[in-house]
Amino acid sequence: MMVRVNQASDEGVLMSDTATKGSILREYMSLRNGFASIGNTIEGRFPLAYVQFVQILVDTFVLFAPLALHVDLGEYSVIAVGLVVFFLLRTK
């Protein structure tokens, strides 16, 4: 795109002063920076506080799951919670 701007200024279509070229160069650089930041947005990086908050929620779930499941499952709640913990630890 910069080649076309240079051609246009050589042919007289655009003004060939320094201010115009500097302004166009700044706009192209901001466009390029915006395009380069799309990759970071798509990667989906989470702030560290969010990750820690989710970890606290999961730990709380694992801690209180036996109490919540005891009403329905009775003694089998220990096995059920063991399976939950096993699969949660495998995902880390």
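Owing to the predicted nature of the structure, the values given are computational and were not obtained by experimental measurement. (Residues numbered from 1 in each chain as written. Predicted model: local features only at pLDDT ≥ 70, side-chain atom pairs only at ≥ 80, totals over all residues. Heavy atoms only, no water.)

Colleague: Explain a nonpolar patch on the surface here, please?
Modeller: A cluster of nonpolar side chains, namely Leu48, Tyr50, Val51, Phe53, Val54 and Leu57, defines an oily patch on the protein surface of about 580 Å² accessible area. Mapping valine 54 onto the fold places it in helix 3 (residues 48-73). Look at valine 54 and you get partly exposed, because its relative accessible area is 33%. (Patch = residues over 30% accessible without salt bridge, like charges linked within 9 Å, V, L, I, M, F, W, Y side chains within 5 Å. Areas by Shrake-Rupley, 256 points an atom, 1.4 Å probe, with all protein chains shown as cover. Salt bridge = Lys/Arg side-chain N within 4 Å of Asp/Glu carboxyl O. Helix = DSSP H or I, 4+ residues; strand = E, 2+ residues; numbered from the N terminus. Buried < 20%, exposed > 50% of the residue type's maximum accessible area, 1.4 Å probe, protein only.)

Colleague: Explanation requested: the confidence of the model for the chain in the structure shown.
Modeller: When pLDDT drops low, the exact placement of atoms in the prediction is not to be read closely. Looking at the chain as a whole, the pLDDT averages 80, with 90% of positions reaching at least 70. Mean pLDDT values over the elements of the chain span from 80, in helix 2 (residues 18-43), up to 83, in helix 3. (pLDDT = per-residue confidence, 0-100.)

Colleague: Would you mind going over the side chain of serine 9 with me for this structure?
Modeller: Among the structural elements, serine 9 can be located in helix 1 (residues 2-11). Residue classification places serine 9 among the buried residues on the basis of a relative accessible area of 8%. Within polar-contact distance, the side chain of serine 9 engages the backbone oxygen of asparagine 6 at 2.9 Å. Not counting residues within four places of it along the chain, the set of residues in contact with serine 9 comprises Leu14, Met15, Ser16 and Lys21. (Polar contact = N/O pair within 3.5 Å; in protein donor to acceptor, adjacent residues only side chain to side chain. Contact = heavy atoms within 4.5 Å.)

Colleague: Could you clarify how one ought to interpret the environment of leucine 88 in this entry?
Modeller: Secondary-structure assignment places leucine 88 in helix 4 (residues 77-90). For leucine 88, a relative accessible area of 28% translates into the label partly exposed. Counting along the chain gives 67 residues from leucine 88 to lysine 21, while the straight-line C-alpha distance between them is 57 Å. Residues contacting leucine 88, with those up to four places away along its chain left out, are Val58 and Val62.

Colleague: Even after reading the chapter, I still don't get the packing of aromatic side chains, so can you show me in this structure?
Modeller: Any aromatic ring pair is given by two values, namely how distant the centres are and how the planes are angled relative to each other. Tallying each qualifying case throughout the model produces one aromatic pair. Relative to phenylalanine 87, the ring of phenylalanine 86 has its centre 5.3 Å away and its plane inclined at 70 degrees; by these criteria the two rings are edge-to-face. (Phe/Tyr/Trp six-rings, centres within 6.5 Å; stacked < 30°, edge-to-face > 60°.)

Colleague: It is not clear to me how the packing of helix 3 against helix 4 should be interpreted in this structure. Could you clarify?
Modeller: Helix packing for two helices is described by the angle between their axes and how far apart those axes are. One can describe the packing of helix 3 onto helix 4 by two numbers: an axis separation of 8 Å at closest approach and a directional angle of 155 degrees. As summarised for this structure, helix 3 and helix 4 are arranged roughly antiparallel, according to the angle between their axes. The handedness of the crossing between helix 3 and helix 4 is right-handed. Between helix 3 and helix 4, the residues in contact are Val58, Phe61, Val62, Ala65, Pro66, Leu69, His70 and Leu73 and Ser77, Ala80, Val81, Val84, Val85 and Leu88, respectively. A breakdown of the residues in the contact of helix 3 with helix 4 according to their chemical character gives 12 nonpolar, two polar and no charged. (Axes fitted to C-alpha atoms, helices over the stretch in contact; angles between N-to-C directions. Parallel < 35°, antiparallel > 145°, perpendicular 65-115°, else oblique. Left-handed = near helix turned anticlockwise from the far one by under 90°. Nonpolar A, V, L, I, M, F, W, Y, C, P; charged D, E, K, R; others polar.)

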